[in-house]
Amino acid sequence: MKRNPMVWMASLLIFVPLAWLLWSAPAEMAPSDIAMSGGALVTALALLSLLWRGQAQGRWLAHRCVTCGRAMRKILPGELRPPPGQNASEPPTWRCSHCGRLYG
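This section reports on the structure supplied with the text.

Overview of the side chain of S37
Alright, step 1. Mapped onto the elements, S37 comes out in helix α3 (residues 31–56).
Alright, step 2. Beyond its immediate stretch of four places on either side in the chain, S37 contacts L18, L21, L22 and M29.

And the structure:
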């Protein structure tokens, strides 16, 4: 499964204020300007991390199930076990939150 195109667009839009701040800053930045740029970078990275983790868990802009069209969510390690006597080489990583369909 690939990321939703809206996640990529939102990821780019998160960095627009940071780019504007750096573009409009004077050539010789004061220590307060450097601190503001660092704070903007940390904020942008935190928002990006929240967006990507939330999308992977199916909270923001989730993948959609082919069967029912509902949101998919990432399967946590240890949540899904193979039946006894079978050895699953690569377990699925996504599950539909409504119908339970598994995707690898």
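That was the structure; now back to the text.
Focus on the side chain of S11
Alright, step 1. You can see S11 is positioned in helix α1 (residues 5–14).
Alright, step 2. Given a relative accessible area of 7%, S11 falls into the buried group.
Alright, step 3. Of the polar contacts made by the side chain of S11, one reaches the backbone oxygen of V7; its length is 2.7 Å.
Alright, step 4. Among all residues touching S11, those that are not within four sequence positions of it are L48, L51 and W52.

Side note on the packing of helix α2 (residues 16–24) against α3
Alright, step 1. Contact pair α2 / α3: the axes reach a minimum separation of 9 Å and the direction vectors enclose 165°. Taken together, the axis directions place α2 and α3 in an arrangement best described as roughly antiparallel. Once α2 is placed against α3, the crossing between them reads as left-handed. For the pair formed by α2 and α3, the contact residues are L18, L21 and L22 on the first element and M36, S37, A40 and L41 on the second.
Alright, step 2. When grouped by side-chain class, the residues that make up the contact of α2 with α3 number six nonpolar, one polar and no charged.

Concerning the environment of L21
Alright, step 1. By secondary structure assignment, the location of L21 is in helix α2.
Alright, step 2. You can call L21 buried: its relative accessible area is 16%.
Alright, step 3. Here the alpha-carbon distance between L21 and A40, two residues 19 residues apart in the chain, equals 8.5 Å.
Alright, step 4. Not counting the four nearest positions on each side in its chain, L21 is found in contact with M36, S37 and A40.

Here is what the cut-offs are and how they apply
- Residues numbered from 1 in each chain as written.
- Predicted model: local features only at pLDDT ≥ 70, side-chain atom pairs only at ≥ 80, totals over all residues.
- Heavy atoms only, no water.
- Helix = DSSP H or I, 4+ residues; strand = E, 2+ residues; numbered from the N terminus.
- Contact = heavy atoms within 4.5 Å.
- Buried < 20%, exposed > 50% of the residue type's maximum accessible area, 1.4 Å probe, protein only.
- Polar contact = N/O pair within 3.5 Å; in protein donor to acceptor, adjacent residues only side chain to side chain.
- Axes fitted to C-alpha atoms, helices over the stretch in contact; angles between N-to-C directions.
- Parallel < 35°, antiparallel > 145°, perpendicular 65-115°, else oblique.
- Left-handed = near helix turned anticlockwise from the far one by under 90°.
- Nonpolar A, V, L, I, M, F, W, Y, C, P; charged D, E, K, R; others polar.

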